[in-house]
Amino acid sequence: MTRFSRRPAALLGAVTALLIGSVAASTPATAKEYVSKNGYRITPPAGWKTMPGSTTTPDVIFLAPPVKGFSANINVVVTPAAPGETITQVPTQIRPLFSRMFTAFSPMSQGYTTTDGAKAYTHTARYTMGNGPQKLRMRMRQVIALRKGKAYTFTCTAGDAQYANNAKAFDAALKSIRWK
């Protein structure tokens, strides 16, 4: 059994962050590094609101000021990694889940990278969220790293039309990740 199928709360947390991003307001602030008790540090974009999570939600959510009622966001979900799990197993674990979770899920790119020296899997995809007049066309970029028995999923999400406006902020935040 994969870590993703055993931990629906982690995926629910990521979806919760997407929903929060659709209604939350942001308070401008200077970018301040977020230090997690789960073994990483990350600096959100300047002016984004920081919302620490709990054990059943993402570890943290960063929200941009809303545009047309939706806030671009970055959320981090930390779950235990399965014993012996490798980063090369991640793509085959998540693709089927996202195809079931999201309407019109369409992968755009995928590959491997490093995050502060840890090998990571990254992918970008488009999908539709919601129904009827509330339907939103979204784009997300995820970076997933396995480190010291934990799986770290960093998800950057924005409306498809606003994604390009947030791409540099997403890149800078992902590059700021440091392991403790």
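As a reminder, the structure under discussion sits directly above these lines.
All of the points below concern the structure found in this document. All values reported here derive from a predicted model rather than from experimental measurement. Along each chain, the written sequence defines residue order, and numbers are assigned to residues from 1. A pLDDT threshold of at least 70 governs which residues receive local features in this predicted model, and a stricter bar of 80 or more applies before side-chain atom pairs are shown or counted, although totals over entire chains, interfaces and linings include all residues. Side-chain measures here rest on the full set of heavy atoms in the structure, leaving out hydrogens and waters.

Examining the nonpolar core
Okay, so step 1: Counting 24 residues, the largest nonpolar core has Tyr40, Ile42, Phe154, Phe170 and Trp179 as the members making the most contacts within it.
Okay, so step 2: Numbering of helices and strands starts at the N terminus; helices are DSSP runs of H or I of at least 4 residues and strands are runs of E of at least 2. The set of elements that each furnish at least two residues to this core consists of β2 (40–42), β4 (60–63), β5 (73–80), β7 (118–129), β8 (136–147), β9 (150–159) and α4 (163–175).
Okay, so step 3: Contact definition: two residues touch when any of their heavy atoms are within 4.5 Å. Leave out the neighbours within four places in its chain, and Ile42 touches Glu33, Tyr34, Phe62, Phe154, Ala173, Ser176 and Ile177.
Okay, so step 4: Within the second largest apolar cluster, 17 residues are counted, among which are Ala81, Val90, Phe105 and Ala125. Here, nonpolar core means buried Ala, Val, Leu, Ile, Met, Phe, Trp, Tyr and Cys residues that are tied together by side-chain atoms lying within 4.5 Å of each other. Three exposure classes are used, based on accessible area relative to the maximum for each residue type with a 1.4 Å probe and protein chains only: buried under 20%, partly exposed in between, and exposed over 50%.

Describing helix α3 (residues 90–101)
Okay, so step 1: A helix is expected to span 1.5 Å multiplied by its residue count minus one. Over its 12 residues, α3 extends 17 Å from the first C-alpha to the last, a length consistent with the 16 Å expected when each residue adds 1.5 Å.
Okay, so step 2: Residues of α3 that are buried include every one of Val90, Pro91, Gln93, Ile94, Leu97 and Phe98, and no others. Down the axis of α3, the buried side of the element spans an arc of 155°, and every buried residue falls inside it. Pointing more than 90 degrees away from the buried face of α3 are the exposed residues Thr92 and Arg100. What the arc measures is the spread of directions leading from the helix axis to the C-beta atoms.

Re α4
Okay, so step 1: Taking 1.5 Å of rise per residue, the 13 residues of α4 would be expected to cover 18 Å, and the 18 Å separating its terminal C-alpha atoms lies within 8% of that figure.
Okay, so step 2: By the largest-angle criterion, Ala169 marks the main kink of α4, which is about 25°.
Okay, so step 3: When we look at burial in α4, the residues that qualify are Tyr163, Asn166, Phe170, Ala173 and Leu174.
Okay, so step 4: Contact partners of the buried residues in α4: β2, β5, β8 and β9. Here the bend at a residue is taken as the angle between two axes, fitted respectively to the seven residues that end there and the seven that start there.

Thoughts on unusual backbone geometry
Okay, so step 1: Phi at Asp116 is positive, roughly 45°, even though this residue is not glycine.
Okay, so step 2: Within the secondary structure, Asp116 is located in the loop between β6 (103–115) and β7.
Okay, so step 3: In this structure, Lys148 is a non-glycine residue whose phi angle is positive, near 50°.
Okay, so step 4: Relative to the helices and strands, Lys148 resides in the loop between β8 and β9.

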